[in-house]
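Each chain, letter by letter, is given below.
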Amino acid sequence: MHDKPILHVVNLKKQYGPGCAVCSHNHEVALEKNRCPECGTVFACNDLSFDVYPGEILGVVGESGSGKSTMMKCLYFDEEVSSGEAYISCYEEGETNVFQESSQKLRHIRNTILGMVYQNPVLGLKMDFSSVGNIAEKMIAAGDRNVNRMENRSKVLLEHVHIPIARMKDEPKKFSGGMQQRVQIAKALSNHPPILLLDEVTTGLDLSVQASVLDLIKTIQQELGISMIVVSHDLAVIRMLADRTMVMLDGRIIEQGLTDQILENPQHAYTQQLVYSLI
Amino acid sequence: MAQLLEVKALNKSFTIHHLDKTIHAVKDINFSLDEGQFIGIVGKSGSGKSTILKMIYRTYLPEEGEIIYHSKQFGKMDLMCAAEREMIYLRKYEIGYVSQFLSVMPRTTARAIVENSVIEMGKSRQEAKQVAEEALRHFDLDPELWDNYPVTFSGGEKLRLNIASAIVKKPRLLLLDEPTASLDDASKVKVREAIEKLKQEGTTLIGIFHDLQFMDGLCDKVFDFQQGKCLEGEIV
């Protein structure tokens, strides 16, 4: 049993605005939802602390605007955190706070240790590049220069996500939403990342395509042992995928636990409302 | 026989925020189980039978009391305060749970569901295939259904699949939450046979059954909610 987390996050905070005397000190009392009424500063992520263990899927649920995507962007360094710490066990033996690393080192971590799949494929793919080109781009970013190797790896990955090889030279803009999502997953997997971040990957997909993406995610976890954070507002998706789940509201983690416990014995009033809303 | 589980002074209530109300589910539950024993839980609907099982499995958060479990991996531990990671491990390797409901990944075949249970334990695909087929055959699931998706199955077929996928793991402790509720008599006999076999192989069981006849001769002791205590021996 692995006891050491692969990702250890402590007090991650992301605020938009300068903050003031009111919200900087005792903001729990002062904030309206996640906004300071005095200076208008928005606390998108507020003191998030959690662990992700090797090979596990951590689910994140919460309403729109609760800070889920901001958290994912902070973890992928798309957004700079306001404060907080993150340690990755396979980076400098988990002793360095990666949020304080130089941008060059952050790029290295992003390209070799992390994979990201965005809700909107436009953020994760170059729509005018071929699908192979998109995957190669990530491998080049990680230092690969061997064209044959990159092409072969791309083929393997596209096959893995069920994109017909005959269409590997097609641009993602010619693909359906579900196919674009699968190319994103292939791209994210290209450098064998030990950690995969999935932000609302099944949102907007029809049920049948959703099932195939869920199946793919589960297979990746079982066969490759990759740890994942799966953000979704769909509780059914979380129930299928995640062993543990955390619930976010107004930029905070209000509850976390075993997924079936969150769904069957929710403690927080908001989580109860969320579960009552489940169809 | 060595003790496997001891439940002491267990309490549980549910806070319903939108009603601003607290509902007391179970109060002061005490019983213990040795390895290989079978305890049946009887009581009226809503008396809290499932609550006990769900607390042991930690689907319900513990409140008061102790659930002492002797784990192969972790030794003597209190499940009330076990870490989530420990519970995930125990659920995978030591403690099984079967309810009346089947909840599985969409578009996963009946065969794959049972195979995955075996693979999760670290067994090979080859072995999983063999074990899964044996289990599906034992529970009389028509081979024509094996490669079909359970969403189209009848209630009884789903239930038998559910039991099959829990039993192939040969858990040390198996929690049975009315697994025979909608089964016909022939299927019940199959379930009973499977439980007897597990028991012989050393699995400890806690079961909730409405059908008292089903439990007759199977249980070593019975926890009766009406009397609020544990009775040794046969059910009257």
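As shown above, the structure is provided for reference.
Residues numbered from 1 in each chain as written. Chains lettered and ligands numbered in written order. Predicted model: local features only at pLDDT ≥ 70, side-chain atom pairs only at ≥ 80, totals over all residues. Heavy atoms only, no water.

> Describe the overall build of chain A, with residues and values.
Of the regular secondary structure elements, chain A holds twelve helices and nine strands. Dimensions of chain A, computed from C-alpha atoms along their principal axes, come out at roughly 60 × 45 × 40 Å. Every one of the 279 residues in chain A was classed for burial, and the buried ones make up 54%. Here the contacts in chain A between residues at least 6 apart in sequence split such that 69% fall between residues at least 24 apart. Counting 26 positive and 34 negative side-chain charges, chain A places the averaged centre of each group 8 Å from the other. (Helix = DSSP H or I, 4+ residues; strand = E, 2+ residues; numbered from the N terminus. Buried < 20%, exposed > 50% of the residue type's maximum accessible area, 1.4 Å probe, protein only. Contact = heavy atoms within 4.5 Å. Lys, Arg positive; Asp, Glu negative; His and termini not counted. Charge placed at Lys NZ, Arg CZ, Asp CG, Glu CD.)

> Explain the interface of chain B and chain A to me, and be specific about the residues and the numbers.
The partner chain A presents 29 residues to the 26 residues of chain B that form the contact. Summed over both partners, the interface of chain B with chain A buries about 2,300 Å², with 56% contributed by carbon and sulfur atoms. Broken down residue by residue, the surface that chain B buries against chain A is led by B:Glu84, B:Arg85 and B:Met105, which jointly contribute 30%. Here chain B is connected to chain A by four salt bridges. Note that A:Arg244 is salt-bridged to B:Glu84, the shortest N-O span being 3.4 Å. In terms of residue count, the dominant contributor to the side of chain B that touches chain A is helix 2 (residues 84–93) of chain B (seven residues). Residue composition of the side of chain B that touches chain A, by class: twelve nonpolar, five polar and nine charged. (Buried area = accessible area lost by both parts, 1.4 Å probe. Salt bridge = Lys/Arg side-chain N within 4 Å of Asp/Glu carboxyl O. Nonpolar A, V, L, I, M, F, W, Y, C, P; charged D, E, K, R; others polar.)

> An account of the pairing of strand 9 (residues 221–224) of chain B is needed here, citing residue identities and associated values.
For a regular strand, side chains alternate in direction, first toward one face of the sheet and then toward the other. Residues and elements named next belong to chain B. Of the two faces of strand 9, the one carrying Lys221 and Phe223 and the one carrying Val222 and Asp224 are both buried. One ladder, built from four bridges, connects strand 3 (residues 38–42) with strand 9; its direction is parallel. Counted as the bridge partner of Ile39 is Lys221 from strand 9. (Pairing = 2+ DSSP bridges.)

> Residue-level account of the sheet that holds strand 7 (residues 227–231) of chain A, with values.
Through backbone hydrogen bonds, the strands of a sheet pair up, either in parallel or in antiparallel fashion. Pairing within the open sheet is mixed, and its six strands lie in the order 5-6-7-3-8-9 (chain A). Of all the strands in the sheet, the pair left with one neighbour each is strand 5 (114–117) and strand 9 (252–258) of chain A. On average, each strand axis in the sheet is tilted by 15° relative to the strand beside it, whichever way the strands run. Examined bridge by bridge, strand 3 (residues 57–62) of chain A and strand 7 of chain A share four bridges and lie parallel to one another. Paired with A:Gly59 across the strands is A:Val230, a residue of strand 7 of chain A. Against the sheet, helix 12 (residues 269–276) of chain A contacts strand 3, strand 8 (244–249) and strand 9 of chain A, and its axis sits at roughly 110° relative to strand 8 of chain A. In the packing of helix 2 of chain B onto the sheet, the strands contacted are strand 8 and strand 9 of chain A, and the crossing angle to strand 9 of chain A comes to about 30°. (Axes fitted to C-alpha atoms, helices over the stretch in contact; angles between N-to-C directions.)

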